[in-house]
2 protein chains.
Amino acid sequence: MKLTTKGRYAVTAMLDLSLNSDNGPVSLLEISDRQSISLSYLEQLFSKLRRQGLVKSMRGPGGGYSLSRAPEEIAISSIIMAVDENLDVTNCGNATSGCNEDNKRCLTHNLWMDLSNRIQSFLDDISLQDMMDKSDVIEVAARQNSKQKGTRINLPDSL
Amino acid sequence: MKLTTKGRYAVTAMLDLSLNSDNGPVSLLEISDRQSISLSYLEQLFSKLRRQGLVKSMRGPGGGYSLSRAPEEIAISSIIMAVDENLDVTNCGNATSGCNEDNKRCLTHNLWMDLSNRIQSFLDDISLQDMMDKSDVIEVAARQNSKQKGTRINLPDSL
DNA sequence: GAATACCCGATTAATATAGTCAAGTATTAC
DNA sequence: GTAATACTTGACTATATTAATCGGGTATTC
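Below you will find a few notes about this structure. Please read all numbers here as calculations on a predicted model, not as lab measurements.

Here is what the cut-offs are and how they apply
Residues numbered from 1 in each chain as written. Chains lettered and ligands numbered in written order. Predicted model: local features only at pLDDT ≥ 70, side-chain atom pairs only at ≥ 80, totals over all residues. Heavy atoms only, no water. Near = heavy atom within 4 Å. Polar contact = N/O pair within 3.5 Å; in protein donor to acceptor, adjacent residues only side chain to side chain. Helix = DSSP H or I, 4+ residues; strand = E, 2+ residues; numbered from the N terminus. Phe/Tyr/Trp six-rings, centres within 6.5 Å; stacked < 30°, edge-to-face > 60°. Buried < 20%, exposed > 50% of the residue type's maximum accessible area, 1.4 Å probe, protein only. Axes fitted to C-alpha atoms, helices over the stretch in contact; angles between N-to-C directions. Left-handed = near helix turned anticlockwise from the far one by under 90°. Contact = heavy atoms within 4.5 Å. Nonpolar A, V, L, I, M, F, W, Y, C, P; charged D, E, K, R; others polar. Pairing = 2+ DSSP bridges. Patch = residues over 30% accessible without salt bridge, like charges linked within 9 Å, V, L, I, M, F, W, Y side chains within 5 Å. Areas by Shrake-Rupley, 256 points an atom, 1.4 Å probe, with all protein chains shown as cover. Salt bridge = Lys/Arg side-chain N within 4 Å of Asp/Glu carboxyl O. Lys, Arg positive; Asp, Glu negative; His and termini not counted. Charge placed at Lys NZ, Arg CZ, Asp CG, Glu CD. Parallel < 35°, antiparallel > 145°, perpendicular 65-115°, else oblique.

**Some thoughts on the protein's contact with DNA strand C**
Inference 1: Around DNA strand C, 26 residues are found, and the nearest of them are Thr5, Ser40 and Arg59 of chain A together with Ser57 and Tyr65 of chain B.
Inference 2: Sugar and phosphate atoms form 68% of the subset of DNA strand C atoms that lie within 4 Å of the protein.
Inference 3: One of the side-chain N or O atoms of Ser57 of chain B is found 2.5 Å from a phosphate oxygen in DNA strand C.
Inference 4: Counting only elements with at least two residues in the surface near DNA strand C, the list comes to helix 1 (5–19) and helix 3 (39–51) of chain A together with helix 3 (39–51), strand 1 (55–58) and strand 2 (64–67) of chain B.

Following this line, the structure appears as structure tokens:
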């Protein structure tokens, strides 16, 4: 489990998507505008999110992305892991052989794996819905929405 | 709160230090050998750890580093934060002004700060001692120790 | 005073992050 | 069916961070 800006971007984008998905699919261009994340970077992120089954894509005019399941069902951890492909946080490449065996250095491997697992299970318990429910989210989103033309709730970046 | 390999190195080194501090100060050279972390990189890390008051240094022959307080009193979070100087995980530079105000994008700022805080308080509750107490740590350390000449318990890297 | 080991700054190499560019393909609307 | 929309993909580039290296220090012990 890594916590990087990349993961933050992904969580931000997914939150934006979730908050704005009342009127059908959301295009990456919209998210790019609202969150000030470059379109191409979003494309990279959503390519991974789609392959991990977190979002569905619809092509053509009016197309875009939508959540593939309810926000209650999407854990923050799954978003972060989807874009942080590099899953092995260990130096030994998570090698099950030659690591615990033959005197290879593996003590902190276990330690870190354990810590990593605990952080992950912590993030497993926080869903997209949980984050949407936070009062300050609703406040800020509403305030920003009132200042804009569209009917959709807007989600700022700075994630 | 960021989780990077840098922080992992620091936690590894601190664990090694903690496990081997029975016979006085531990030199970085020892840690370097046991953990396969370059000496100069350790110097960089311990420079920060020392400035943050987590370790004490003693110069001269027989010198080295020692924990500045009991391992029960050292939270994993404090180690990671000591070496990850870059504390603001927000894009707006954690600006208290101009962020919540004037339509600057700051919703996910709050969200991420909250998430970051929750992760941090989670890591606040895990001490160096907690990690030392783990059974697999003791097992591996003992096994490795039995295969080496020195009397000290050895801690492998791959953190 | 020689050996040890911390201390510090500058430099470099490797990797990851973030963004760009360009050429696609599928779908919708007309 | 054609044009516009919008996703899809891959290659490429710039920047930042990470990790390591080097070369000189200073303090301390023996």
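Additional details are given in the paragraphs that follow.
**Some details on the packing of aromatic side chains**
Residue and element names in this part refer to chain A.
Inference 1: Applying the stated criterion across every chain yields a total of four aromatic pairs over all chains.
Inference 2: Ring centres of Phe46 and Tyr65 lie 4.9 Å apart, and the angle between their planes is 45°; this geometry places the pair in the tilted category. Of the two residues, Phe46 sits in helix 3 while Tyr65 sits in strand 2 (residues 64–67), which places them 19 residues apart along the sequence.
Inference 3: The exposure class assigned to Phe46 is buried, which follows from its relative accessible area of 0%.
Inference 4: Judged by its relative accessible area of 14%, Tyr65 is buried.

**Let's talk about the packing of helix 3 of chain B against helix 4 (residues 76–83) of chain B**
All names here are of chain B.
Inference 1: The geometry of helix 3 relative to helix 4 is characterised by a closest axis approach of 8 Å and an angle of 115° between their N-to-C directions. Relative to helix 4, helix 3 is oriented so that their crossing is right-handed. Where helix 3 abuts helix 4, its residues Leu45, Lys48 and Leu49 lie against Ile79, Ala82 and Val83.
Inference 2: Among the residues forming the contact of helix 3 with helix 4, the class breakdown is five nonpolar, no polar and one charged.

**Observations regarding unusual backbone geometry**
Residue and element names in this part refer to chain A.
Inference 1: One non-glycine residue, Ser36, adopts positive backbone phi at about 55°.
Inference 2: Examined against the element boundaries, Ser36 turns out to sit in the loop between helix 2 (28–35) and helix 3.
Inference 3: Given the relative accessible area of 46%, Ser36 is considered partly exposed.

**Details of the pairing of strand 1 of chain B**
Residue and element names in this part refer to chain B.
Inference 1: Inspection of the sheet shows strand 1 paired to strand 2 by four bridges, in the antiparallel sense. Each bridged residue has a counterpart across the sheet, and for Met58 the counterpart in strand 2 is Gly64.
Inference 2: Adjacent in sequence and paired antiparallel, strand 1 and strand 2 are bridged by five residues, among which Gly60 carries a positive phi angle near 80°.

**Description of a negative patch on the surface**
Inference 1: Taken together, the side chains of Glu72, Glu73, Asp124, Asp125, Asp130 and Asp133 of chain A define an acidic patch exposed on the protein surface.
Inference 2: For Glu72 of chain A, the location among the structural elements is in the loop between strand 2 and helix 4 (76–83).

**Concerning the pattern of salt bridges**
Inference 1: The final tally for this structure, using the stated rule, is four salt bridges over all chains.
Inference 2: Between Arg34 of chain A and Asp16 of chain A there is a salt bridge, with the nearest N and O atoms lying 2.8 Å from each other. In this pair, Arg34 of chain A is assigned in helix 2 and Asp16 of chain A in helix 1, connecting sequence segments 18 residues apart.
Inference 3: Taking relative accessible area as the criterion, Asp16 of chain A reaches 0% and is therefore assigned buried.
Inference 4: For Glu30 of chain B, the salt bridge identified is with Arg34 of chain B, shortest N-O distance 3.6 Å. Highlighted residues: Glu30 of chain B and Arg34 of chain B, both in helix 2 (residues 28–35), separated by four residues, approximately one helical turn.

**Overview of the protein's contact with DNA strand D**
Inference 1: Near DNA strand D there are 26 residues, and of these Arg59 and Tyr65 of chain A together with Thr5, Ser40 and Arg59 of chain B occur at the shortest range.
Inference 2: A share of 66% of the atoms of DNA strand D within 4 Å of the protein falls on sugar and phosphate groups.
Inference 3: Going through the elements one at a time, helix 3, strand 1 (55–58) and strand 2 of chain A together with helix 1 (5–19) and helix 3 of chain B are the ones with two or more residues in the surface near DNA strand D.
Inference 4: Of the residues contributing to the surface near DNA strand D, the split by class is eight nonpolar, twelve polar and six charged.

**Focus on the packing of helix 1 of chain B against helix 3 of chain B**
Residues and elements named next belong to chain B.
Inference 1: At a minimum axis distance of 11 Å, the contact between helix 1 and helix 3 shows a crossing angle of 80°. Taken together, the axis directions place helix 1 and helix 3 in an arrangement best described as roughly perpendicular. Here Lys6, Tyr9, Ala10, Ala13, Met14 and Leu17 of helix 1 come into contact with helix 3, specifically with Tyr41, Leu42, Leu45, Phe46, Lys48 and Leu49.
Inference 2: Considered class by class, the residues forming the contact of helix 1 with helix 3 number ten nonpolar, no polar and two charged.

These values are about where atoms sit, not about what they do.
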